[in-house]
Every structure is written in C-alpha cells, then in structure tokens.
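# A closer look at the structure
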Amino acid sequence: MENTNKKITIAIDGHSSTGKSTIAKSLAKYLNYIYVDTGAMYRAVTWFALKQGLIDDSGIKRVQLISRLDEISISFTNISGENHTIVNDLDVEREIRGLEVANNVSKVASIPEVRRKLVAEQQFLGSAKGVVMDGRDIGTVVFPKAELKVFMTASADVRAQRRYNELRGKGEEVDFDDVLKNIEERDFLDENRKDSPLVKADDAILLDNSKLSRNQQFDHIISLVNNALS
Ligand code: DC
C-alpha cells in the first residue's frame, strides 16, 4: 500500500517522442506532484535564440547566446488544465513545439552553459521532492539520487508516426519523412553530445513502449511508484 506522506523524486528520461511528457503529466496529476517538462526549457532557450537572431544558416552565435542567458526567465503556468511555457511573460507554448525550434534545440542543448543554467533551475524546482521531471539527463545529472528512474524508448518509426499525428492534429503542414529525419537527428545529437549525453542511468528501469498502450504504461509505472514508496 502506498505511503501517502512520503514524497519521492521521479525521473523520466528517454528518446524524443516516446510520450514521456504525457506519462509524466498524468503521473504528477495522479500523485498530486509537481510536473516539470525540462525539454520545454531547452526549447524556450532555443526560441529566444531564434527570436533574437542568434541562430541563422551559419549556425548558433554561441558566445552571444551565452552572454544573454541571464535575460531568459522561464516559468510554467496552467491554462485550462494545459501546461504552458512562459518566457519573460510571453506564452510561447505553441512556438516552442514547432519544427523550427525542434530542428535547432539539440544544438542549443549541447552548450554546457545553457545546460548549467537549466539544470540549476530544475534542481531548484524539484528541491522539495514530490516531483515528476522528464528529460534526457534527469536520472543521470539533475537528480542522480531520484528514488525512481524510468528510461523510455520506442522504435524511431513508431515515434515519428506519433509525432506526425500530433503535429497534423494541430494543423501543422508536415511531411512524415521530415519528422522521422528530425527524430533520428535529435537521437544522434542527444546521444553523442559531450555534455550530459542521453544515456540510461544504470539504476533506471527500461520501458520500451513501442507496443504498449498509455494505460499499460501508466499502470506499470504506478506499480513502480508503489514499490518505491513502500
Ligand atoms: O523532450 P523534448 O523533445 O521536448 O526535448 C527537446 C530537446 O531538448 C531534445 O532534443 C533534447 C533536449 N533536452 C536535453 O538535452 N535535456 C533535457 N533534460 C531535456 C531535453
């Protein structure tokens, strides 16, 4: 039986478009925990860089972006049950989910100064425990002592199909092959960057959800949570 007074830290890491945030959000709601979408924070910095002309065809103006990181204040708000990402008082939720941000975010996330800023903010947000945080390095870097770590994956094709359906559902004109290419490129960049690459923590539980429904995944993770709480 779950001990309702004990609060733990839950780290959900894994590849892009594995449904980490959907699961993390429903877990947080069920447990009455805080939910932190760390990918949104990297996306927010990328959006800022694009908006300020710090990314163009020749790449990222790295030194300038680093010198302006203090100008970026990221927070979250709940609007009609939906999590919205706010950058300097502007709701950028829609913008950070588009392909332009997606195509540049892995490069921005590979900059150590960007990671240092965001990791410190994430550690602060989760400092009171009772948090579900999803990302790439939560179980390895942000909260290496998290009581429960889950590493989610699925085949690239399955993930691309899910992402394609989601973008189409939002009315974005996207091509399946572009979405697949973006997912494969992001996997490569995430797994091969020097600073905090995407890697499963030794003590994380692997969850390949290629053939699992959301309910099956949710039930499985809840049983892991109950174990961690007992
Ligand atoms: O989870 P997502 O697809 O919204 O994440 C966007 C990008 O941010 C992803 O390509 C990798 C990066 N990221 C990261 O490097 N570390 C995290 N903790 C979360 C995301």
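Just so it is clear, the model here is predicted, and its values are computed rather than measured.

Reading the values: the criteria
- Residues numbered from 1 in each chain as written.
- Predicted model: local features only at pLDDT ≥ 70, side-chain atom pairs only at ≥ 80, totals over all residues.
- Heavy atoms only, no water.
- Near = heavy atom within 4 Å.
- Polar contact = N/O pair within 3.5 Å; in protein donor to acceptor, adjacent residues only side chain to side chain.
- Areas by Shrake-Rupley, 256 points an atom, 1.4 Å probe, with all protein chains shown as cover.
- Helix = DSSP H or I, 4+ residues; strand = E, 2+ residues; numbered from the N terminus.
- Nonpolar A, V, L, I, M, F, W, Y, C, P; charged D, E, K, R; others polar.
- Contact = heavy atoms within 4.5 Å.
- Buried < 20%, exposed > 50% of the residue type's maximum accessible area, 1.4 Å probe, protein only.
- Pairing = 2+ DSSP bridges.
- Axes fitted to C-alpha atoms, helices over the stretch in contact; angles between N-to-C directions.

## Focus on the site of the ligand
Taken together, 14 residues lie near the ligand, and R43, R115, R136, D137 and R193 sit nearest. Taking S106, its side chain carries an N or O atom lying 3.2 Å from an oxygen atom of the ligand. Here an oxygen atom of the ligand sits 2.9 Å away from a polar atom, N or O, in the side chain of R193. Relative to its unbound accessible area of 450 Å², the ligand is 95% covered by the protein chains. Looking at the shell around the ligand, the elements that each hand over two or more residues are α2 (38-51), α5 (99-109) and α9 (176-192). A per-class count over the shell around the ligand returns three nonpolar, four polar and seven charged.

## Side note on the side chain of R136
By secondary structure assignment, the location of R136 is in the loop between β8 (131-135) and α7 (138-142). A polar atom in the side chain of R136 sits 3.4 Å from the backbone oxygen of G14. Looking at R136, its side chain comes within polar contact range of the side chain of D190, at 3.3 Å. Contact partners of R136, with chain neighbours within four places excluded, come to D13, G14, H15, S16, K20, R186, D190, R193, L198 and V199.

## Details of the pairing of strand β9 (residues 148-153)
Counting buried positions along β9 gives six out of six residues, so the element sits mostly inside the fold. Here β9 shows no split at all, with L148, V150 and M152 on one side and K149, F151 and T153 on the other all buried. Relative to β9, strand β1 (residues 9-14) is paired through five bridges, and the arrangement is parallel. Following the sheet pairing, A11 is matched in β9 by K149.

## Considering the sheet that holds β8
Sheet strands pair via backbone hydrogen bonds, and the direction of the pair is either parallel or antiparallel. The five strands lie next to each other as β2-β8-β1-β9-β10, forming an open sheet whose pairing is parallel. Two strands lie at the open edges of the sheet, namely β2 (34-37) and β10 (205-208), each paired on one side alone. Across this sheet, the average inter-strand angle for adjacent strands is 20°, counted without regard to direction. In this sheet, β10 lies alongside β9 in parallel orientation, the contact comprising four bridges. Residue V150 lies in a different strand from β10, and its bridge partner there is I205. Against the sheet, α2 makes contact with β2 and β8, and its axis sits at roughly 40° relative to β2, the strand it touches most.

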